[in-house]
Amino acid sequence: MDLSLNEKRLIKVLEPLKKADPATLAARMGTSEEAIIQYAMLLAGRGIALVEKQVSTTYGLTDEGARYAREGLPERQLLKVFGDSIPMTELTKHPLSRIGIGQMRKKGWITVREGMVEKTGNDVPGEDELALSDTARGGAGIFSLLKRGLLTEQQEIKYLITLTPDGEALAKKGLELEAETGTLTRDQIIAGTWKDLHLRRYSLDTLPRKVYPGKIHPYQRILDEMRQTLLEMGFAEIYGGLAQSSFWNFDALFQPQDHPAREMQDTFFLKETVPVPQDSRG
């Protein structure tokens, strides 16, 4: 079996340790942890080593989340400022009303009838409030707080590397550590001295590491933030076609005929025409 010098060195260092993490092996081999993981993955592909990946997830409060952990979520604070009922016009004057009213309605804490906000009495602490006080709880509460931007998620990845029985048998046979040449110089090629060098062998069967260079467009991020804000306020989301008629996009919203958004510079118009909806003609 053709092994590179670094693979052989890793086997010899790993043999007496039985199991070790990349940091320990990197210190003994005088290289980086990333390089150790690369060598270990190559050995794993040959059935010589086993690489265990351990992923642990922790959650931390954002500045806003830390404030709410001390003072309570906006909907909880808002619920405490009135008795059994309050006029909506009065409640909207509170600085937390923009977020709090939508969340209270979503959770079923209040009902709105004829301009009056009334408590339902069903305001027991939810999973999100419990998770806010104890981020180790996990569950749906954590997911809700992440969506609201009150928590951040951190993932810590650890690796443990061990030799398989085949790897241990190979180590006991003894491995010859011979210097390798991975890159040829111009002089070596011209002089022909490369013929006497021990060249590193490369396997074309080994796939390169996947790279995911794509990122969310800044404009899409703004749309996502606006969508999340409206949902938190209690609005419902509906779906339609990619192309909307001018009636629904402009007229139904009482947008003036001379509004700049109606110009061809800001709106793409299609040649198709559709009839005005019957229920809109009055």
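Residues numbered from 1 in each chain as written. Predicted model: local features only at pLDDT ≥ 70, side-chain atom pairs only at ≥ 80, totals over all residues. Heavy atoms only, no water.

A. A look at the nonpolar core. Grouped together as the largest cluster of nonpolar side chains are 23 residues, with contacts concentrated most on Leu-10, Ile-11, Leu-25, Ile-36 and Leu-43. If you list the elements that add at least two residues to this core, you get helix 1 (5-17), helix 2 (22-29), helix 3 (33-45), strand 2 (49-61) and strand 6 (151-163). Apart from residues no more than four positions distant in its own chain, Ile-11 is found in contact with Leu-3, Leu-43, Ile-48, Leu-163, Gly-167, Leu-170, Ala-171 and Leu-175. Counting 10 residues, the second largest nonpolar core, distinct from the first, contains Leu-91, Ile-101, Trp-109 and Val-117. (Core = buried A, V, L, I, M, F, W, Y, C linked by side-chain atoms within 4.5 Å. Buried < 20%, exposed > 50% of the residue type's maximum accessible area, 1.4 Å probe, protein only. Helix = DSSP H or I, 4+ residues; strand = E, 2+ residues; numbered from the N terminus. Contact = heavy atoms within 4.5 Å.)

B. Molecular detail of the sheet that holds strand 2. Ordered by their spatial adjacency, three strands build an open sheet running 1-6-2, and the pairing between neighbours is antiparallel. What marks the edges here is a single partner per strand, and that holds for strand 1 (19-20) and strand 2. In this structure, strand 1 lies alongside strand 6, joined through two bridges in antiparallel fashion. Bridge pairing links Ala-20 to Ile-161 in strand 6. Sitting on the sheet, helix 1 is in contact with strand 1 and strand 6, with an inclination near 90° to strand 6. (Pairing = 2+ DSSP bridges. Axes fitted to C-alpha atoms, helices over the stretch in contact; angles between N-to-C directions.)

C. Main features of a nonpolar patch on the surface. A cluster of nonpolar side chains, contributed by Leu-184, Ile-189, Trp-194 and Leu-199, occupies part of the molecular surface with about 320 Å² of accessible area. Here Leu-184 is to be found in the loop between helix 10 (165-173) and helix 11 (186-191). We classify Leu-184 as partly exposed; its relative accessible area is 33%. (Patch = residues over 30% accessible without salt bridge, like charges linked within 9 Å, V, L, I, M, F, W, Y side chains within 5 Å. Areas by Shrake-Rupley, 256 points an atom, 1.4 Å probe, with all protein chains shown as cover. Salt bridge = Lys/Arg side-chain N within 4 Å of Asp/Glu carboxyl O.)

D. The arrangement of the packing of helix 2 against helix 3 in detail. Put simply, helix 2 and helix 3 touch, their axes get as near as 8 Å, and they point 100° apart. Viewed along their axes, helix 2 and helix 3 adopt a mutual orientation that is roughly perpendicular. Within the contact between the two elements, helix 2 uses Pro-22, Ala-23, Leu-25, Ala-26 and Met-29 and helix 3 uses Glu-33, Ile-36, Ile-37 and Tyr-39. Looking at side-chain class alone, the contact of helix 2 with helix 3 contains eight nonpolar, no polar and one charged residues. (Parallel < 35°, antiparallel > 145°, perpendicular 65-115°, else oblique. Nonpolar A, V, L, I, M, F, W, Y, C, P; charged D, E, K, R; others polar.)

E. Spotlight on the pattern of salt bridges. On inspection of all chains with the given rule, the structure shows 13 salt bridges. Two residues, Glu-90 and Lys-93, come together in a salt bridge whose shortest N-O distance is 3.7 Å. The class of Glu-90 is partly exposed, set by a relative accessible area of 43%. Residue Lys-93 is classed as exposed on the basis of its relative accessible area, which comes to 63%. Here Glu-118 and Arg-113 are joined by a salt bridge, their closest N and O atoms 2.8 Å apart. Exposure remark for Glu-118: the relative accessible area of 28% places this residue in the partly exposed category. On the basis of relative accessible area, Arg-113 is assigned to the partly exposed category, the value being 48%. Through salt bridges with shared partners, one network takes in Glu-75, Lys-107, Asp-128 and Arg-148.

F. The packing of aromatic side chains, seen in detail. Enumeration over the complete set of coordinates arrives at one aromatic pair. Seen from their ring centres, Phe-247 and Trp-248 are 4.9 Å apart, and the 80° between their planes marks the pair as edge-to-face. Note on Phe-247: relative accessible area 18%, which makes it buried. By relative accessible area, Trp-248 is classed as partly exposed at 47%. In this structure, Lys-119 packs its charged tip against the face of Phe-82, placed 4.9 Å from the ring centre. (Phe/Tyr/Trp six-rings, centres within 6.5 Å; stacked < 30°, edge-to-face > 60°. Lys NZ or Arg CZ within 6 Å of the ring centre and 35° of its normal.)

G. How the structure looks around helix 7 (residues 97-107). Restricting attention to buried positions, one finds in helix 7 the residues Ser-97, Ile-99, Gly-100, Ile-101, Gly-102, Gln-103 and Met-104. Buried positions along helix 7 lie against helix 4 (63-71), helix 5 (74-79), helix 6 (88-91), strand 4 (110-113) and helix 12 (218-232). Backbone geometry just downstream of helix 7 places Gly-108 in the positive-phi region, at approximately 80°.

H. Structural detail: the sheet that holds strand 4. In spatial order, the strands read 3-5-4; together these three strands make up an open sheet with antiparallel pairing. Of all the strands in the sheet, the pair left with one neighbour each is strand 3 (85-87) and strand 4. With strand direction ignored, the average angle separating the axes of adjacent strands in the sheet is 25°. For strand 3 and strand 5 (residues 116-119), the ladder comprises three bridges, and the chain directions are antiparallel. Bridging from a neighbouring strand, Ile-86 pairs with Val-117 of strand 5.

By themselves these figures say nothing about function.
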